[in-house]
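Take a look at the letters that make up each chain.
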Amino acid sequence: MIALGLIARLPPWLWAALAALVVVVGAYLAGGRDERASARLDAAESALEARRARDAVDRDVARDPDIGERLHRWQLD
C-alpha cells in the first residue's frame, strides 16, 4: 500500500521518461524479431538453391548411363 502511494507521487517528467524507455525497448525487441525472421528467410532460400543444384546434378547423372565409368576414369587420372 505504501509502494502505491510512492508510485502515485512520481513527477510527470519521470513518467514521460519511463514511457519513452518502454517505446525504445519495444522497438529494439521488434527489430530483433524482424532480423531473426530475415535470417530464417535467407537460410530457407539458400537451402532451396542448394536443393535445386543437387536435383540438377541428380538429373544429369540419371540421363548419362555411363557416368560411373567416366567418374572411375577421372579418379584414376
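Just so we're clear, the structure is a prediction, and the values are computed from it rather than from any experiment. (Residues numbered from 1 in each chain as written. Predicted model: local features only at pLDDT ≥ 70, side-chain atom pairs only at ≥ 80, totals over all residues. Heavy atoms only, no water.)

## Remarks on the overall build of the protein
Convention followed: Only DSSP runs of H or I covering at least 4 residues are called helices, and only runs of E covering at least 2 are called strands; the numbering of each starts at the N terminus. Under the scheme applied here, a residue whose accessible area is under 20% of the maximum for its type counts as buried, over 50% as exposed, and between as partly exposed, the area being computed with a 1.4 Å probe on protein chains only. The Shrake-Rupley method, run with a 1.4 Å probe, gives the accessible areas here. Residue values count only the displayed protein chains as cover.
The helix and strand inventory of the protein stands at three helices and zero strands. When the elements of the protein are put in sequence order from the N terminus, they spell out α-α-α. Within the protein, the fraction of its 77 residues that count as buried is 3%. Element-wise, carbon and sulfur atoms account for 66% of the exposed surface of the protein, whose accessible area totals about 7,000 Å².

## Some thoughts on the pattern of salt bridges
Here is the rule we go by: The working definition used for a salt bridge is a side-chain nitrogen of Lys or Arg within 4 Å of a carboxyl oxygen of Asp or Glu.
With the rule as written, the count across this model stands at one salt bridge. The shortest N-O distance in the salt bridge between D55 and R51 comes to 3.1 Å. Residue D55 and its partner R51 are located together in helix α2 (residues 12-63), separated by four residues, close to a single helical turn. When its relative accessible area of 26% is taken as the criterion, D55 is described as partly exposed.

## Focus: a negative patch on the surface
Rules: A patch consists of residues whose relative accessible area exceeds 30% and which take part in no salt bridge; residues with like charges are grouped when within 9 Å of each other, and nonpolar side chains (Val, Leu, Ile, Met, Phe, Trp, Tyr) when within 5 Å. As used throughout, the charge tally considers Lys and Arg to be positive and Asp and Glu to be negative, leaving His and the chain termini uncounted. For charged residues, the charge sits on one atom: NZ in Lys, CZ in Arg, CG in Asp, CD in Glu.
Among the surface-exposed residues, D34, E35, D42 and E45 lie close enough to one another that they form a single negatively charged patch. Within the element layout of this structure, D42 appears in helix α2. For D42, a relative accessible area of 42% corresponds to the partly exposed category.

## Some remarks on a nonpolar patch on the surface
A cluster of nonpolar side chains, contributed by I7, W15, L18, L21, V25, Y28 and L29, occupies part of the molecular surface with about 720 Å² of accessible area. Broken down by element, the residue count for the nonpolar patch peaks at six residues, all from α2. Of note, L29 is situated in helix α2.

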